[in-house]
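# Close look at the chain arrangement
Residue-level listing of the chains:
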Amino acid sequence: MYRSLYYCIAQSSAAAALQPHHQHCRRHTVRALNQLLKTTSTTTTATTTRAMSTTKPAAAAVDYRIETDTMGEVRVPADRLYGPQTQRSRNNFRIGADSDFTGEQMPKPIVTAMAVLKKACARVNRQSGALDERLAAAIEQACDEVIGDRLEVCREFPLVIWQTGSGTQTNMNCNEVIANRAAEILGGKRGDKSVHPNDHVNKSQSSNDTYPTAMHIAAAVETNASLLPALEKLLAALRAKEKQFAAIIKNGRTHLQDATPLTLGQEFSGYATQIQFGIDRIRSAMEPRVYYLAIGGTAVGTGLNTAVGWDSAVAKEVASITKLNFRAAPNKFEALAAHDALVELSGALNVLACSLNKIANDIRLLASGPRSGIGELILPELEPGSSIMPGKVNPTQCEAMTMVCAQVQGNHVAVTIGATQGHFELNVFKPLIVANVLRSIRLLADASVSFTDNCVADIVANERRIKQLMEESLMLVTALNPHIGYDKAAKIAKKAHKEGLTLKESAIQLGYLTADQFDQWVRPENMIGPKK
């Protein structure tokens, strides 16, 4: 029994390390343990007592209403705005879902993006006369309640990522919630279809063009609202350190071995430039392709059941609502069947993860010690680092950042595989693709802010240690190459290393130069840039 119990804990912990839904993983562990205890409850009285103590009380009775769709009647919780197709999905796709459906739930930015899109469509349909003014106004108001987070998003939009690959059920979830809320606004009742989820809220639309449109809206909004500001903040902090450390000359390192000198400011300038280029890559991936919207393609890209110009009008309204440069995709067949734009964006996020991993690793290695490591940097002390070693402090922000980078790189693999699943006129891995892109955006944004505030901003140079290591470096001998040649310079370095001498002592003993010549030619401050 105990071996199985520890196996359950280990499996759940491993899942929690790889997935951001750690609360779900914890609940999964509790369920596994409860089940384990129940199956062994007949062994002893003590085991029976434990099993009984972990059994949850029976859930309170839930009131239902009866709604219908094209497949018949469905019982829907009376206190919920969603309707029969959402309930069918709840029944059919309990994949990673907890009892309250919070585990593996469709990302909230997708729900918000759908509401933005439905509002834009209602506006255009009203303006064209295709939708009654009163109905359109109620739909827009209901959409605003979703956008403004005035509905219980967790409960009204409970569907999981792992559903139909087109996202149809999430589209219908949004249609049903908005329709029922709009009906209430107009004095009707939930489920009376006075505002119809298909005929009114989904008018001139298909899940095949609304969901990919929401994918692009969500990715663009989250990137602009959270990731780019976070990266600009990190960039500013790195540039500040570049200036602060400009006069500190230190040992360079290549292949993890001593190399010629540079300034600590120059080292940080490399980090800052990596982030600047990361920002540039993300912006390049976004514009124009992520700002192209699939809306207007309807079922297969032809635009069936729309009017000429309808797609551009909707995209213009989306741009107005979000204040971002959205426009209609020039080719709807590509927009429905492929998601190359999101692969490109995910690729830029993957490159950024590589950059951040390098930066965080360098910083924690430069701060290694404090007595037996490199010790050139002193990082902020945030929390105790060990449960057994008193006084130990660890580079936890660097560790968190590098774990995030590993997760983002894994997310990109999933996005890449998902993007290969575009068969004929439709890609059917849409929820997987957007969930991983949004997860990467959120993780990188949060990690960048945390890394900036809790690490980079308060990094201090250990100038005493930096000077000590630089003066002991054998690679200062490189400055002698133009004067005595590579071969003689190499002999000076090898003799100094073998016999524990300084470079100066070795050079004089070998008779290659005088003390004055060494002092004149080996000057670290003259080795940090091209000769003037």
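Scroll up to find the structure this text is about.
Not measured: the values here are computed from a predicted model.

Before going further, it helps to examine the packing of aromatic side chains. Taken as a whole and judged by the stated rule, the model has 3 aromatic pairs. Where F245 meets F268, the ring centres are 5.4 Å apart and the plane angle is 70°; that geometry is what we call edge-to-face. With F245 in the loop between helix 10 (207-244) and strand 3 (249-254) and F268 in helix 11 (residues 264-286), this pair connects stretches of sequence that are 23 residues apart. Here F245 and F268 have matching classes, each one buried.

So, about the nonpolar core. Formed by 109 residues in total, the largest nonpolar core has its most connected members in I275, I282, I363 and F451. A total of 15 residues in this core trace back to one element, the largest contributor, which is helix 10. For F451, the contacting residues outside a window of four places in its chain are L234, I359, A360, I363, Q397, C398, M401 and V456. Counting 17 residues, the second largest nonpolar core, distinct from the first, contains L480, A493, A507 and F518.

With that out of the way, let us pick up the packing of helix 14 (residues 340-366) against helix 16 (residues 430-454). Running from amino to carboxyl end, helix 14 crosses helix 16 at an angle of 30°, the nearest separation of the two axes being 10 Å. Classed by the angle they form, the pair helix 14 and helix 16 counts as roughly parallel. Crossing hand, helix 14 versus helix 16: left-handed. Judged by residue contacts, L342, L345, S346, L349, L352, L356, I359, A360 and I363 of helix 14 engage I433, V437, S440, I441, L444, S448 and F451 from helix 16. In terms of residue class, the contact of helix 14 with helix 16 is built from 13 nonpolar, 3 polar and no charged.

A few words on the pairing of strand 4 (residues 257-263). Where strand 3 meets strand 4, 5 bridges bridge the pair, whose relative direction is antiparallel. In the strand pairing of strand 4, G252 is matched with A259. Remark: 2 residues form the turn of the hairpin made by strand 3 and strand 4, two consecutive strands paired antiparallel; H255 in that turn has positive phi of roughly 55°.

On to helix 16, then. Relative to the 36 Å expected for 25 residues at 1.5 Å per residue, helix 16 spans 36 Å between its end C-alpha atoms, a close match to the ideal helical length. By the criterion of burial, helix 16 is predominantly enclosed, with 18 of the 25 residues buried.

Turning our eyes to something else, we now look at unusual backbone geometry. Omega for the peptide link from E287 to P288 comes to 5°, which places this bond in the cis form. Residue P370 is reached from G369 by a cis peptide bond, and omega for that bond is 5°. Relative to the assigned elements, P370 resides in the loop between helix 14 and strand 7 (377-378). Residues other than glycine seldom take positive phi values, yet S204 does so here, at roughly 65°. Residue class for S204 comes out buried when judged on its relative accessible area of 15%. The backbone of K323 sits at a positive phi, close to 65°, despite the residue not being glycine. With respect to the secondary-structure elements, K323 resides in the loop between helix 12 (310-322) and strand 6 (327-328).

Relative to the helices and strands, D69 is located in strand 1 (residues 64-69). At 2.9 Å, the side chain of D69 forms a polar contact with the backbone nitrogen of M71. A polar contact of 2.7 Å, which involves the side chain of D69, links it to the side chain of R88. Sequence-distant contacts of D69, defined by excluding residues within four places in its chain, comprise V74, P84, Q85, R88 and K193.

In this section: the pattern of salt bridges. When charged atoms on two side chains of opposite charge get close, those side chains can pair. Applying the stated criterion across every chain, the model contains 29 salt bridges. The residue R155 makes a salt bridge to D79 at a minimum N-O spacing of 3.4 Å. Of this pair, R155 sits in helix 7 (residues 153-156) while D79 sits in the loop between strand 2 (72-77) and helix 4 (84-92), placing them 76 residues apart in sequence. A relative accessible area of 41% places R155 in the partly exposed class. Note on D79: relative accessible area 40%, which makes it partly exposed. For R123, the salt bridge is made with E140, and the minimal N-O distance between the two is 3.2 Å. Here the residue R123 occupies a position in helix 5 (residues 108-128), and E140 occupies one in helix 6 (residues 133-147), the gap between them amounting to 17 residues. Here R123 matches E140 in class, with each residue buried.

Tallied over the full model, the rule gives 0 disulfides. In this structure C143 is not part of a disulfide, and its nearest cysteine sulfur, from C174, lies 9.0 Å away.

What counts and how
- Residues numbered from 1 in each chain as written.
- Predicted model: local features only at pLDDT ≥ 70, side-chain atom pairs only at ≥ 80, totals over all residues.
- Heavy atoms only, no water.
- Phe/Tyr/Trp six-rings, centres within 6.5 Å; stacked < 30°, edge-to-face > 60°.
- Helix = DSSP H or I, 4+ residues; strand = E, 2+ residues; numbered from the N terminus.
- Buried < 20%, exposed > 50% of the residue type's maximum accessible area, 1.4 Å probe, protein only.
- Core = buried A, V, L, I, M, F, W, Y, C linked by side-chain atoms within 4.5 Å.
- Contact = heavy atoms within 4.5 Å.
- Axes fitted to C-alpha atoms, helices over the stretch in contact; angles between N-to-C directions.
- Parallel < 35°, antiparallel > 145°, perpendicular 65-115°, else oblique.
- Left-handed = near helix turned anticlockwise from the far one by under 90°.
- Nonpolar A, V, L, I, M, F, W, Y, C, P; charged D, E, K, R; others polar.
- Pairing = 2+ DSSP bridges.
- Expected span 1.5 Å × (residues − 1).
- Polar contact = N/O pair within 3.5 Å; in protein donor to acceptor, adjacent residues only side chain to side chain.
- Salt bridge = Lys/Arg side-chain N within 4 Å of Asp/Glu carboxyl O.
- Disulfide = S-S within 2.5 Å.

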